[in-house]
Amino acid sequence: STYALSLYQQGKAAEAAALMSALKPETLRTPQVALYQAIFLLSIGQAEKAEEFLALSAKWPMLPEETALLERAGLKRPESPSATPPTGRASPAE
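All figures in this text were calculated on a predicted structure; none of them were measured in a lab.

## Details of the environment of Leu69
Next, step 1: With respect to the secondary-structure elements, Leu69 resides in helix α6 (residues 64-72).
Next, step 2: A residue is classified by how much of its surface remains accessible, and Leu69, at 10% relative accessible area, is buried.
Next, step 3: Put simply, Leu69 and Ile39 are 30 residues apart on the chain and 7.0 Å apart in space, counted from C-alpha to C-alpha.
Next, step 4: Not counting chain neighbours up to four residues away, the residues in contact with Leu69 comprise Leu5, Tyr8, Tyr36 and Ile39.

## Concerning the pattern of salt bridges
Next, step 1: Evaluated as defined, the whole model comprises one salt bridge.
Next, step 2: Note that Glu52 and Arg29 form a salt bridge whose closest N and O atoms lie 2.2 Å from each other. Here the residue Glu52 occupies a position in helix α5 (residues 47-57), and Arg29 occupies one in the loop between α3 (25-28) and α4 (31-43), the gap between them amounting to 23 residues.
Next, step 3: Residue classification places Glu52 among the partly exposed positions, given a relative accessible area of 42%.

## With respect to helix α2 (residues 13-21)
Next, step 1: Ala13, Ala16, Ala17 and Met20 are the residues of α2 that are buried. Angular distribution of buried residues about the axis of α2 spans 95 degrees; they occupy a single face of the element.
Next, step 2: On its buried side, α2 packs onto α1 (2-9), α3 and α4.

Rules used in this analysis
Residues numbered from 1 in each chain as written. Predicted model: local features only at pLDDT ≥ 70, side-chain atom pairs only at ≥ 80, totals over all residues. Heavy atoms only, no water. Helix = DSSP H or I, 4+ residues; strand = E, 2+ residues; numbered from the N terminus. Buried < 20%, exposed > 50% of the residue type's maximum accessible area, 1.4 Å probe, protein only. Contact = heavy atoms within 4.5 Å. Salt bridge = Lys/Arg side-chain N within 4 Å of Asp/Glu carboxyl O. Arc of directions from axis to C-beta.

Below, the structure is given as structure tokens:
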């Protein structure tokens with residue numbers, strides 16, 4: 001959610017991850033949402049938990065800003081089948 005990203009940007013990654021964990025499982029497993037959960041988990045040292053979300057997000061073409069967030073959390077962008085995001089895309093899930 002946008003609120004979780006706001007928390008993360010305020011240095012509250014643990015709160016952001018907890019907020020995202022409260023989402024419905026099917027929502028949390030969508031690639032664009034999974035990407036943000038992976039970033040939040042990585043930022044709080046939960047790399048093992050983040051792996052599943054990184055795998056799910058690998059299928060989602062990231063915006064440059066999302067790639068920068070992932071790198072800030074300590075990882076490079078996962079392999080993606082496409083280099084361009086779909087049109088009309090919302091970021092992050094709202």
